[in-house]
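Spelled out, the chains give:
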Amino acid sequence: ACVLCRRVEADPDTCGQQLEKQGLCAHEFCLFFAIQLCQQRGEELGLKGFLPEDIQCAVSQAAQKQCFVCGESGATITCRETSCERSFHLPCAAEGGCVTQYFFQYRAFCWEHRPEQVAEAAPQNTICLICLDAVGESKSYDTMVCPACRHAWFHRGCIQGQAMRDGLTWFRCPLCRDRDAFLSEMLTMGIRVPFRLSAWDSHAYEALSARHSRCDAVRCLCPGGREQADEEGHWELLLCSSCAAEGTHRRCSSLSSSRASWECDFC
């Protein structure tokens, strides 16, 4: 069993691989999220750079802390909100509605202090774009939305599965194909995105992941042609906010500079 979470089996998407050396066993991310541990420069030392004596010290300190989710002692992860004393085991995070951020400082937050998305609720009868089941109409820990298009809704578990398949290279919104804003938001909200190449065939998946990049207006007025797309102004290209499969220049569809979204005729 992992000396930090005390689990023999745990979700590898959440806890990472199980490491073992000199009789000491721990999950990769149980080590990174343990508030008392500090990684050394050389990963060849101990377990991924965490020294055995430091790990044992963390275990001893955590013996006095009770997990607010399962009620058992030995909780090595503490909410990063100042003055909050809630502690938990990494495998208990999802059940407790906790957010664990898998980047930089590996911060963790309890259900009360976790980051929240701006969107208040999903439209009626909205389905998850990945599993096609309903996501519910109220905002919750298990329901998420793309921050770019605001039309792509999905379950936390579903988008986590996609992140594990895509890897950092290809992970993006399944609807509008936005990458930058989407990736940043998902990382902040606790989705783990592996720093590796996609599990998909890269050449085949590249075509599927390509963002639509041409004006589909009946009459394109742009001097540079349908493929020109400026950052702003008359020739800024807006994609359909529902399907992202068609686009238009602002001027070609007589859209004002203040209008943030547009839908194609089909949608």
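The protein appears in an unreviewed UniProt entry as PHF7 protein from Rostratula benghalensis. Listed in UniProt under the heading Pathway (unreviewed entry), the comment for the protein reads: "Protein modification; protein ubiquitination." Under the heading Subcellular location (unreviewed entry), UniProt records this for the protein: "Nucleus".

**Student:** Sorry, what's going on with the domain arrangement of the protein here?
**Tutor:** Accessible area lost on assembly of the parts is the figure often given for the size of an interface. One can read the domain layout of the protein as domain 1 (12-109), domain 2 (118-210) and domain 3 (211-266). On a C-alpha basis, the centroid separation for the pair domain 1 and domain 2 is 26 Å. The interface is formed by 13 residues belonging to domain 1 together with 10 residues belonging to domain 2. Carbon and sulfur atoms make up 59% of the area that domain 1 and domain 2 hide from each other, which totals about 900 Å². It is Asp 13, Tyr 102 and Phe 103 in domain 1 that bury the most area against domain 2; as a group they hold 51% of the surface buried on that side. Counting every contact that joins domain 1 to domain 2 gives 0 salt bridges. Elements supplying a minimum of two residues to the side of domain 1 that touches domain 2: helix H1 (12-15) and strand E5 (99-100).

**Student:** What is the right way to look at the nonpolar core in this model?
**Tutor:** Most often, soluble globular proteins keep nonpolar side chains buried together rather than apart. Counting 29 residues, the largest nonpolar core has Leu 4, Leu 31, Phe 33, Leu 37, Ile 55 and Leu 90 as its most contacted members. Among the secondary structure elements, those contributing two or more residues to this core are strand E2 (24-27), helix H2 (28-33) and helix H3 (52-62). The leading source of residues in this core is H2, at 5 residues. One finds Ala 122, Cys 128, Val 135 and Met 186 within the second-largest nonpolar core, a separate group that totals 27 residues.

What counts, and at which threshold
- Residues numbered from 1 in each chain as written.
- Predicted model: local features only at pLDDT ≥ 70, side-chain atom pairs only at ≥ 80, totals over all residues.
- Heavy atoms only, no water.
- UniProt positions renumbered as here; feature names shortened; annotations may be inferred.
- Domains from an automatic or database assignment.
- Contact = heavy atoms within 4.5 Å.
- Buried area = accessible area lost by both parts, 1.4 Å probe.
- Salt bridge = Lys/Arg side-chain N within 4 Å of Asp/Glu carboxyl O.
- Helix = DSSP H or I, 4+ residues; strand = E, 2+ residues; numbered from the N terminus.
- Core = buried A, V, L, I, M, F, W, Y, C linked by side-chain atoms within 4.5 Å.
- Buried < 20%, exposed > 50% of the residue type's maximum accessible area, 1.4 Å probe, protein only.

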